[in-house]
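Structural description and commentary
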Amino acid sequence: MSPIITGLLLALAVPIFVMTMSGRVGVLLAMKKENRLDNIPFRVAQLVRFGLGQKRLVDPEEFTPGLFHVLIYAAFMVLAVRTVMLFAMGFSSTALEVLTDLSHPFWVDQTLLLGLYKVYLLAKDVVAALALLGVAYYVWVRWKVKPDRMTPSWEAYLILGFIGGLMVSEFLFGGSHMVAQHAAAAQVQMGATQVPQSPAALVWWEPFTSLTGLAMMPLGATAAHVVGVAGFWTHLVIILAFLNFLPIGKHFHIITGLPTVFFQRTHSTGKLPTPDLEKEEFGAATVKDLTWKQGMDLYSCTECGRCQTHCPTYITGKPLTHKGVNQDLKHWIWDNEQWVEEGYGPNGIKEPLPEIVGSALSAETVWACTSCGWCEQACPVFIENVPRLIDMRRYQVQVKAEFPPEIQRVFEGIERQGNPWGLGQDRRDEWAEDLALPTWGDDGGPYEYLFFVGCAGSYDDKQKKVSRALVKILREAGVSFATLSKQEMCNGDSARRMGNEYLFQTMAKTNVESWNSMGVKAVITQCPHCFNTIKNEYPEFGGEYRVINHTQLINELLKEKRIKLSAVMNSKLTYHDPCYLGRHNGVYDAPREVLNAIPGLEVVEMQRSKREGFCCGAGGGRMWMEEHLGTRINHNRLNEAALTLKHAEDPSTPFPNAADKKKPGQVGDYKDKGGSGIVAVACPFCSTMLSDAVNDTGREENIKIKDITELVADALETKSGAVGAVAPGATVSAKPE
């Protein structure tokens with residue numbers, strides 16, 4: 001084509017791109033260091049599966065748009081090679097002739113290479129055509145459907161135009177060469193011994209380019225050549241314009257997305273990073289206190305809005321969307337790159353960076369998060385939102401002492417009495433006064449399990465019943481266990497997620513030291529927050545235990561036939577997934593298998609269940625904070641449970657789609673009093689929140705909140721042949737022989 005024009009285009013575009021990228025990379029280098037090169041085999045596997053394989057894009061709730069994104073992504077990957085070819089053609093007429101004319105002498109002795117090239121051309125043609133289909137789909141979605149999760153944006157249409165332009169220009173360029181080659185073949189003298197097959201005929205290796213060539217035939221060779229040349233240069237200009245647009249828009253993820261997937265954390269999402277307090281790592285005050293990976297996360301956010309679909313704060317009108325947080329932080333950093341890198345403020349004077357809270361984000365935003373993890377579960381590029389917000393809370397609590405006033409008493413209660421209510425430590429075992437439970441460290445033992453009762457199980461009147469029910473089950477199954485009685489203290493979960501890292505680490509180190517000295521090897525928990533903390537976070541402090549949640553243990557006991565359920569419960573039931581049991585730790589099946597083992601229960605699923613489960617509103621320390629903004633999260637969840645039970649009773653009851661493109665979460669808008677049965681839980685926080693919602697919405701007569709443990713204890717057949725009490729909201733009859 002023209003080496004001069006090609007060279008000028010590159011000379012203009014590449015330096016601009018390098019300058020922009022130098023600022024973006026410089027910011028990352030100015031942020032905190034963090035090692036993300038551990039466990040390389042896992043990272044490579046995740047990159048292949050979720051980066052190159054795009055697995056999260058086709059998750060059930062967004063399968064169709066995800067599929068069309070995969071089509072466009074495939075086109076980019078395949079056409080990247082073609083782009084290199086086009087630049088080579090721009091510099092070399094030989095490359096142009098060889099790559100566009102398969103009858104060129106170069107290919108005569110290159111049978112294998114020619115075959116591979118034809119296969120590539122076929123792949124290129126097919127994915128380019130499918131990409132055009134994807135572009136049309138996304139234009140329709142943005143123009144007509146207008147899903148709630150997508151922010152209206154001119155940038156989106158520009159990018160779709162770029163993508164469509166790349167595909168169309170490729171077809172025009174290839175088609176023009178087919179027209180030219182057809183014209184040349186027509187001029188071959190009649191006496192030629194071999195006339196090449198007409199290049200303008202349909203060929204299997206470029207079917208859509210062939211069709212384009214056929215469509216261009218009426219133009220004639222000269223006009224088709226002009227169109228092809230225009231297509232060639234248009235393609236190169238779009239590529240270079242696109243390249244320079246990437247670092248200044250939301251499509252930066254095309255550059256940073258794959259690295260972000262590769263550098264994802266290698267442990268449970270329930271495990272927070274542990275700062276070194278001795279090195280005065282007290283949280284994120286400014287953007288430079290974020291790690292380079294957290295900075296890369298900001299670059300990789302595509303504003304797709306998947307994080308909003310089941311986000312409890314977004315659905316209920318709180319001032320937090322993780323998409324919004326990512327954009328606010330990213331644009332603040334981009335507007336102040338020199339400030340972040342070199343310390344020079346907007347006026348060119350060296351000055352300290354402002355704190356994140358108050359400049360880029362509001363305090364209400366930072367404190368709204370329930371740490372349910374939906375945003376991280378939904379994100380196609382594994383952006384880690386929760387740790388970043390918790391790190392901001394750490395600074396607000398430990399340095400600024402600025403936090404919601406109601407959590408002051410929680411910190412004081414844990415510090416003074418070892419529980420968030422601040423109730424007397426000497427009352428911790430009152431729930432079991434008549435049970436004669438063994439205490440770990442007394443003369444008895446050895447014991448297989450430490451039953452970590454937890455603060456709610458020890459002090460909350462409702463949860464005390466769950467503790468007693470679990471003891472009944474364990475004893476019936478002959479499980480060897482003991483408690484810590486009055487010596488048990490809070491594990492520190494709430495303190496950590498509310499930003500008081502010092503208090504958490506104090507509790508964790510104290511507990512681990514005590515348990516290790518007593519030889520504890522395995523721990524039973526009845527609270528998912530305790531389960532998550534002891535299982536995932538205590539190992540950093542030397543606490544390596546086999547931790548099992550009560551639903552998992554009960555399921556094991558049922559499978560081993562160590563307990564038998566005989567009472568028939570004639571009731572409808574729906575199960576609420578606790579975020580810290582399900583989403584953060586992947587325990588979805590055990591609770592359901594236990595419920596399905598209870599005779600007579602009709603278990604119906606809520607729309608938002610399992611990985612798409614909706615938070616009760618208590619996580620992230622929100623259990624202890626007032627909810628002043630928007631509607632109440634626990635009301636939204638209970639409304640869905642009531643609608644689910646009502647629909648099970650009467651299938652004619654309208655049942656809107658929880659992931660509706662226009663209005664996600666509308667199943668939580670159900671206000672009628674209809675729907676009766678049991679809402680089963682496996683978490684004391686969920687139990688409290690949903691019980692409060694039952695009372696707040698006037699559904700006390702119709703809906704009962706019951707822990708799975710209570711239901712099992714009610715259905716349990718003891719060795720004496722007796723069965724437990726009947727669960728409120730259920731009727732019972734003898735199990736038929």
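Conventions adopted
- Residues numbered from 1 in each chain as written.
- Predicted model: local features only at pLDDT ≥ 70, side-chain atom pairs only at ≥ 80, totals over all residues.
- Heavy atoms only, no water.
- Buried < 20%, exposed > 50% of the residue type's maximum accessible area, 1.4 Å probe, protein only.
- Helix = DSSP H or I, 4+ residues; strand = E, 2+ residues; numbered from the N terminus.
- Contact = heavy atoms within 4.5 Å.
- Domains from an automatic or database assignment.
- Buried area = accessible area lost by both parts, 1.4 Å probe.
- Salt bridge = Lys/Arg side-chain N within 4 Å of Asp/Glu carboxyl O.
- Nonpolar A, V, L, I, M, F, W, Y, C, P; charged D, E, K, R; others polar.
- Polar contact = N/O pair within 3.5 Å; in protein donor to acceptor, adjacent residues only side chain to side chain.
- Pairing = 2+ DSSP bridges.
- Axes fitted to C-alpha atoms, helices over the stretch in contact; angles between N-to-C directions.
- UniProt positions renumbered as here; feature names shortened; annotations may be inferred.
- 1 Å grid on protein atoms, 1.4 Å probe; cavity = no way out; pocket = protein on both sides within 12 Å on 5 of 7 lines; lining within 4 Å.
- Points joined across faces, edges and corners; volume = space filled by probe spheres on them.
- Phe/Tyr/Trp six-rings, centres within 6.5 Å; stacked < 30°, edge-to-face > 60°.
- Lys NZ or Arg CZ within 6 Å of the ring centre and 35° of its normal.
- Parallel < 35°, antiparallel > 145°, perpendicular 65-115°, else oblique.
- Left-handed = near helix turned anticlockwise from the far one by under 90°.
- Right-handed = clockwise from strand over helix to strand, strands pointing away.
- Core = buried A, V, L, I, M, F, W, Y, C linked by side-chain atoms within 4.5 Å.
- Patch = residues over 30% accessible without salt bridge, like charges linked within 9 Å, V, L, I, M, F, W, Y side chains within 5 Å.
- Areas by Shrake-Rupley, 256 points an atom, 1.4 Å probe, with all protein chains shown as cover.
- Lys, Arg positive; Asp, Glu negative; His and termini not counted.
- Charge placed at Lys NZ, Arg CZ, Asp CG, Glu CD.

For helix 9 (residues 253–262), every residue scored as buried is listed here: His253, Thr256, Gly257, Thr260, Val261 and Phe262. In this structure, the buried side of helix 9 is in contact with helix 2 (40–52), helix 3 (63–91) and helix 10 (292–300).

A word on the domain arrangement of the protein chain. For the protein chain, the assigned domains read domain 1 (35–187 + 200–254), domain 2 (267–403), domain 3 (419–563 + 716–736) and domain 4 (565–715). Placing a centre on the C-alpha atoms of domain 1 and another on those of domain 4 gives a separation of 47 Å. Listed per partner, the contact involves 10 residues of domain 1 and five residues of domain 4. Interface area for domain 1 against domain 4, summed over the two sides, is near 620 Å², with a carbon-plus-sulfur share of 42%. The largest share of the area that domain 1 buries against domain 4 comes from Glu61, Val145 and Asp148, three residues that together contribute 62% of it. Of the charged contacts in the structure, one is a salt bridge between Arg611 and Asp59, with a shortest N-O distance of 3.1 Å. When its residues are assigned to classes, the side of domain 1 that touches domain 4 shows four nonpolar, no polar and six charged.

Right, let's get into the side chain of Gln181. In this structure, Gln181 sits in helix 6 (residues 154–186). The buried category is assigned to Gln181, whose relative accessible area is 19%. There is a polar contact of 2.7 Å between the side chain of Gln181 and the backbone oxygen of Thr100.

Moving on, we come to the sheet that holds strand 4 (residues 546–549). If you trace the four strands from one edge of the open sheet to the other, you get 2-1-3-4, paired in parallel fashion. The two strands at the open ends of the sheet, each matched to only one other strand, are strand 2 (481–482) and strand 4. Relative to strand 4, strand 3 (residues 522–525) runs parallel, the two sharing four bridges. Directly across from Val523, in strand 4, lies its bridge partner Val547. Each of strand 1 (449–452), strand 3 and strand 4 touches helix 23 (residues 528–537); the most contacted strand, strand 4, lies at about 165 degrees to it.

Relative to the helices and strands, Asp125 is located in helix 5 (residues 111–145). Judged by relative accessible area, which is 0%, Asp125 ranks as buried. Discounting chain neighbours no more than four positions away, the residues touching Asp125 are Phe171, Glu206, Pro207, Phe208 and Thr209.

The UniProt feature table records "transmembrane region" (unreviewed entry) at residues 6–30, 70–99, 119–141 and 153–173. A helix fraction of 100% and a strand fraction of 0% characterise residues 6–30, whose end C-alpha atoms lie 36 Å from each other. Measuring from the first to the last C-alpha atom of residues 153–173 gives 31 Å, for a span that is 95% helix and 0% strand.

Positive phi, normally seen in glycine, also occurs at Asn39, with a value near 50 degrees. Here Asn39 shows up in the loop between helix 1 (3–30) and helix 2. A relative accessible area of 40% places Asn39 in the partly exposed class. Of note in the backbone geometry, Lys146 takes a positive phi value of approximately 50 degrees without being a glycine. Mapping Lys146 onto the fold places it in the loop between helix 5 and helix 6. The exposure class of Lys146 is exposed, given its relative accessible area of 53%.

Turning next to empty space enclosed by the protein. Applying the stated rule across the entire model yields four cavities of 30 Å³ or more. The volume enclosed by the largest cavity comes to roughly 150 Å³. Lining the largest cavity are 19 residues, with Cys455, Asn491, Cys527, Cys530 and Phe685 sitting closest to its centre. Secondary structure elements with two or more residues in the lining of the largest cavity: helix 19 (455–459), helix 21 (493–497), helix 23 and helix 27 (684–696). At three residues, the largest contribution of residues to the lining of the largest cavity is made by helix 19.

Here we come to the packing of aromatic side chains. Throughout the structure, instances matching the rule amount to 28 aromatic pairs. Centroid distance Trp204 to Trp205: 5.6 Å. Interplanar angle 90 degrees. Geometry classified as edge-to-face. What makes Trp204 partly exposed here is its relative accessible area of 49%. The rings of Phe68, Tyr137, Tyr138 and Trp140 are connected pair by pair, giving a single aromatic cluster. The aromatic ring of Phe382 is capped on one face by Arg56, whose charged end is 3.8 Å from the ring centroid. The aromatic ring of Phe614 is capped on one face by Arg608, whose charged end is 3.8 Å from the ring centroid.

Let us look at the packing of helix 9 against helix 10. The axes of two packed helices give the description: the angle between them and the distance between them. The interhelical angle for the contact between helix 9 and helix 10, taken along N-to-C directions, is 135 degrees, at an axis separation of 8 Å. Put simply, helix 9 runs oblique to helix 10. Of the two possible hands of crossing, helix 9 and helix 10 adopt the one that is left-handed. Contacts between helix 9 and helix 10 pair His253, Thr256, Gly257, Pro259 and Thr260 from the former with Lys293, Met296, Asp297, Tyr299 and Ser300 from the latter. Its residues placed into classes, the contact of helix 9 with helix 10 shows three nonpolar, five polar and two charged.

Our next topic: the packing of helix 20 (residues 461–477) against helix 28 (residues 708–715). Interaxial distance between helix 20 and helix 28 falls to 8 Å at its minimum, and their mutual angle equals 50 degrees. Considered as vectors, helix 20 and helix 28 are oriented oblique to each other. Two packed elements cross with a definite hand, and for helix 20 against helix 28 that hand is left-handed. Between helix 20 and helix 28, the contacting residues are Lys462, Lys465, Val466, Ala469, Leu470, Lys472 and Ile473 on the first element and Thr709, Glu710, Val712 and Ala713 on the second. Per-class residue counts for the contact of helix 20 with helix 28 are six nonpolar, one polar and four charged.

Here strand 9 (residues 703–707) lies mainly inside the structure; four of its five residues are buried. Read as a crossover between parallel neighbours, the route from strand 8 (residues 677–681) over helix 27 to strand 9 is right-handed.

We now examine the nonpolar core. Note on soluble globular proteins: their nonpolar side chains tend to be buried together. In terms of nonpolar packing, the biggest core is built from 64 residues, with Trp515, Ile534, Tyr545, Ile563, Leu595, Ile598 and Val712 touching the most fellow members. With six residues, helix 20 is the largest single contributor of residues to this core. Domain assignment of the residues forming this core places at least three in each of domain 3 (419–563 + 716–736) and domain 4 (565–715). Membership of the second largest hydrophobic core comes to 50 residues, among which are Ala13, Val78, Val98 and Leu99.

Glancing now at a negative patch on the surface. Residues Asp692, Asp696, Glu700 and Glu701 make up a contiguous surface patch of negative charge. Relative accessible area serves as the criterion here: at 32%, Glu700 is assigned to the partly exposed category.

On to the environment of Arg583. Structurally, the position occupied by Arg583 is in the loop between strand 6 (568–575) and helix 25 (589–596). Separated by 515 residues in sequence, Arg583 and Phe68 have C-alpha atoms that sit 27 Å apart. Separated by 3.2 Å, the side chain of Arg583 and the backbone oxygen of Cys372 make a polar contact.

Moving on, we come to the environment of Gly674. Here Gly674 lies in the loop between helix 26 (633–649) and strand 8. Overall, Gly674 belongs to the partly exposed group, its relative accessible area being 21%. Distance from Gly674 to Gly228, taken between C-alpha atoms, is 67 Å for residues 446 residues apart in sequence. Filtering out sequence-adjacent residues up to four positions away, Gly674 remains in contact with Ala642 and Lys646.

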